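# Coordinate inspection notes
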Amino acid sequence: MTLELKKIEKLNKPYKIYAEVLESGAIDQFVNVMEHDAIIQGALMPDAHQGYSLPIGGVVKSEGLIFPAFVGYDIGCGMCAAKLPISKELVIEHADEIFQHIYQDIPTGFRMNNDFMESSTKLSVDDLSGRGISVVHNWETRKKKDFRVGIGSLGGGNHFIEIGYDEDDQVWAVIHSGSRGIGHGIAGHYMKLAGGGKAKEGNYGLRVDSEDGQDYINDMNWGLQYALDNRKEMMARVSYCVGRVLHGDAFIAYALNAGRNLTHGLINRNHNHATEQDGKWIHRKGATHAEKGMQGVIPGNMRDGSFIVTGLGNDDSMQSSSHGAGRVLGRKAAKEKLSLEEFESQMQGSTCVAAKVEASTLDEAPMAYKNIFEVMDLQSDLVKVEHHIKPLVNIKA
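Below is a summary of the structure that appears in this document. Note that this is a predicted model, so its numbers are computed, not measured. In this numbering scheme, every chain counts its residues from 1 along its sequence in written order. A pLDDT threshold of at least 70 governs which residues receive local features in this predicted model, and a stricter bar of 80 or more applies before side-chain atom pairs are shown or counted, although totals over entire chains, interfaces and linings include all residues. Excluding hydrogens and water, the side-chain values take into account all heavy atoms of the structure.

Even without glycine at this site, Asp169 takes up a positive phi of about 65 degrees. On the secondary structure map, Asp169 appears in the loop between β6 (160-165) and β7 (170-177). Phi at Asp278 is positive, roughly 55 degrees, even though this residue is not glycine. Numbering of helices and strands runs from the N terminus; a helix is a DSSP stretch of H or I covering at least four residues, while a strand is a stretch of E covering at least two. Along the chain, the position of Asp278 falls in the loop between β10 (272-277) and β11 (280-285). Working definition: with a 1.4 Å probe on protein chains only, accessible area under 20% of the residue-type maximum means buried, over 50% means exposed, and in between means partly exposed. Note on Asp278: relative accessible area 72%, which makes it exposed.

Encoded structure:
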């Protein structure tokens, strides 16, 4: 069933809504965005829900303008996954040790590394465009540390590290993370420029051919690389932790290379970005790039795990898919309406044997999200599921 909106129908612009249920706020946001003269196509993924300016799970194509708010604050937030050469049984046997070692080696929440550690990052302040350099300088002044101390740190919210297994009992490490505070700083800087001096919700764009527009594109791409380097460093550390617990020197060497080198089979796909296509700009906010043959990772929740997918290149979605299950309860509402007892019960019936199931993570309970299996069914013409990874170890802030 295709959801049709009369106000958009009158605009004569192509659009597609893959979600079966949408709250009125998300509909109003999408209609408002589609009415902008620079927007020429739009889509909402099956996990769509109300966001900031553009719904989470929104994809829009623009001409002439680029919209920082349509990418959002966590530039480059995304997923990566890699196979680990160990057995499912070994992970189960040592799950608690692996759980503890990852928490020791990877900062979570607002924490960063104490000092910059040698990692995959080649980023520097000089890599940013002229205007954007101030963003890093401001970030470093506020944090009183080198911006690179954020590389290899998880963050909070719905970001996670998970070790699980697929239908062939192959073990995978899966990571969801973003660009930490520095991506937020870049986004806020350009939202202020687009909004006339103040970051405010709405459809405020920058001309692509302007200095500000070009600076945003350069700095956004820097943020995308920062987020990727962050995930690669965490993948290396996760692999190292597993190897250390299992006392395998050969595995540790493999792990460090695999985590830091995309040629070793790391699947990476971010879901907050803007990319040029034939002179137009496709903005994905909480939506995964899904060109034909492109591999991606779509997470569900702590109980149901994640999916490795291959894109089908559907033009109706501008070659996009969902970025996850999508929330049905906001964080505050989840903590008010859900019980810890129900959360514990849901997780006890899962494959996950080591996870932080407590009041602090109640807003990440499976019941706070849409049914991931229904979401995957709704996008069967957007992606093909290759593997379903069921969780064994889950790390959250």
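Moving on from the model shown.
What tends to happen in soluble globular proteins is that the nonpolar side chains get buried as a cluster. Take the buried Ala, Val, Leu, Ile, Met, Phe, Trp, Tyr and Cys residues and link them wherever side-chain atoms come within 4.5 Å; each set so joined is a nonpolar core. The biggest cluster of nonpolar side chains holds 50 residues, and the ones touching the most others in it are Ile17, Phe30, Ile66, Phe70, Phe147 and Trp222. If sequence neighbours within four positions are ignored, Phe30 has contacts with Leu5, Ile8, Tyr15, Ile17, Gly42, Ala43, Leu44 and Pro55. The next biggest cluster of nonpolar side chains, apart from the first, holds 29 residues, and it includes Cys80, Leu84, Ala95 and Leu392. Two residues qualify as a contact provided that any one of their heavy atoms is within 4.5 Å of a heavy atom in the partner residue.

A helix's residues, less one, multiplied by 1.5 Å, set its expected span. Taking 1.5 Å of rise per residue, 15 residues should cover 21 Å, and helix α7 (residues 180-194) covers 22 Å from first to last C-alpha, within 8% of that figure. Looking only at α7, the buried set comprises Arg180, Ile182, Gly183, Ile186, Ala187, Gly188, Tyr190, Met191 and Ala194. On the buried face of α7, the contacting elements are β2 (39-52), α3 (68-71), α6 (133-143), β8 (206-207) and α8 (211-246). One or two residues past the end of α7 sits Gly196, with phi positive at roughly 80 degrees.

Across the sheet, which stays open at both edges, the seven strands sit in the order β9-β5-β7-β6-β16-β14-β13 with antiparallel pairing between neighbours. The outermost strands of the open sheet, each flanked by one partner alone, are β9 (267-270) and β13 (295-301). The average angle at which neighbouring strand axes cross in this sheet is 30 degrees, direction not considered. A pair of strands is considered paired only if DSSP assigns at least 2 bridges between the two. Of the pairings in the sheet, the one linking β6 to strand β16 (residues 383-395) comprises five bridges and is antiparallel in character. Counterpart to Ile163 in the pairing with β16 is Val393. Convention adopted: a line fitted to C-alpha atoms gives each axis, helices being fitted over their contacting stretch, and angles between N-to-C directions are expressed from 0 to 180 degrees.

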